[in-house]
Every structure is written in C-alpha cells, then in structure tokens.
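If you want the building blocks of each chain, they are given just below.
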Amino acid sequence: MQVEIKNPRITCYKCMRPSSTCICEHISPLQTKTRFIILMHPKEYKKEKNGTGHITNLQLENSEIIVGVDFTNNNRVNKILAQENSPSFLLYPGKDNFNLSMRKSSEMNSFMGSNPTIFLIDGTWPCARKMLKLSKNLQKLERVSFDNKIKSKFIIKQQPESLCLSTIESVYTVLNLLKKGNLEQCETKDFLVPFEKMIAHQLDYILNPNSKNYSLTANREITPKNMYKKNTERNIIFEQG
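What counts, and where the lines are drawn
- Residues numbered from 1 in each chain as written.
- Predicted model: local features only at pLDDT ≥ 70, side-chain atom pairs only at ≥ 80, totals over all residues.
- Heavy atoms only, no water.
- Phe/Tyr/Trp six-rings, centres within 6.5 Å; stacked < 30°, edge-to-face > 60°.
- Helix = DSSP H or I, 4+ residues; strand = E, 2+ residues; numbered from the N terminus.
- Buried < 20%, exposed > 50% of the residue type's maximum accessible area, 1.4 Å probe, protein only.

**Details of the packing of aromatic side chains**
Going through the model one piece at a time under the given rule, you end up with four aromatic pairs. An angle of 75° between the planes, with centres 6.2 Å apart, marks the rings of Tyr92 and Trp125 as edge-to-face. Taken together, the residues Tyr92 in the loop between strand E3 (88-91) and strand E4 (98-99) and Trp125 in helix H5 (residues 125-134) connect sequence positions 33 residues apart. Of the two residues, Tyr92 and Trp125, neither departs from the other in class, the shared state being buried. With a centroid separation of 4.1 Å and an interplanar angle of 5°, the aromatic rings of Phe98 and Phe111 are classed as stacked. Of this pair, Phe98 sits in strand E4 while Phe111 sits in helix H4 (residues 105-112); the two residues are 13 residues apart in sequence, bridging distant segments of the chain. Assessed through its relative accessible area of 26%, Phe111 is described here as partly exposed. Ring pairs connect the aromatic residues Phe89, Phe98 and Phe111, which therefore count as one cluster.

Structure below.
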C-alpha cells in the first residue's frame, strides 16, 4: 500500500502566510514619529496568519512586537519605558483616558510630546485584561483612547461590539488623529491595503467550493458585521474607550 505524501505548503516568512496568498507586495512601511510597541499574547503570536498585529508591525518602520503575558520584569519593555526622550502611553479603554478624538493639537503636543511611544495589547479581551493585571509597569502608564465611529472590516472574525476594531485598524485611526493634531505627517491612505488583501484571500478560501472547509461555511453569509457576540471573546482587541 502506497502512502500519499503531501507536499508541505510554502510559507512566506515575512508575512507568515502561504506563498499563494502572500501579501508582501502590498506592504508599504510608514515612517512615523510615534513608536508603536505591540505587546502580543503567545496565543495570538501562534495565529499570525490571520492576526493583524504582525501586519501592523510590517506596515510601521518605527515599531516592534514583544511576546509575553507579564511584562513587569521584561528587559526590553523596561528599557523602552526608561527612555526619557520618548514618553510612553498605553492605548487601552478606560474612563480617565486622554481621548485623542476630543483633543486639540496644542493639548496633544503638551500631553504626548513630539516623539511618543504607544504600547498596544494584542490578544483576546480576557487575555488582554490578564496581561494588564499582571504587568505592574504597564499599569503606571498614562492611557490614550479614541472615539470610534466606523465598523471593522475584519468580517472573518467576530467581535463583541460593532465598533470594536482590529489592531491595525486601531493604529490607522490613531495615526489619522495624530495627523489631525499635527503630531504626524505620514500618508495613511494605503495603510490598510495589506489587511484588506488578507481578508480577501481568506474569503476566497472560505467561499471556494473546492476548499476543505467549504461544507462548513458555504451556507453562512459573510457580510460586514451587524451582529456581534454577547460575550467578550474576540481575537484582536480594540477599541472603545
């Protein structure tokens, strides 16, 4: 009896996707004054193929990913926090946040300075809460937020609220608000293109009759989300402050 040997799929080690759906040609990294630190939960790191934290990192020259759960004694995080020329902030919902949507340019400059560092937590809501609860250094940071008025394009994932955004959509919104406040001058017009291409590839796969998952999903209509989970489970956090 002959055993059929399947050829392994070739993976692009930049975007972490199969070579047939590689999105690297659409990656156009932005140079920003603001530094973005993506604190990624290990479970999220394993799901990079459809996660947006990795794409966000590829789209930003001035960014990096740090994987972990408790960052209290993380050498890299603490080194960044100790930099005097770059005040650090945490993008996270809360009542007493500095709301970028409500602030004037002068207020943003006074509060954040010219070269801020913004930490983002990338994981499910329960994981994000745990990461923040354990990380004493992150708890001390001033928090920033925004008022979101758009629906997420991340229609292949469910979210608890209609205004919850993926990590890359949240960064896109923050960059546009910082531009409005004259803290950034980068061009964000094509920032979401790799994200949109990723979704298009995934939809093609889900709705393809030849896909092994087609029988499970063929009768499910995939549309921009108007119905949301009642619980707080989701795959990428952000936002509604």
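Once you've had a look at it, read on.
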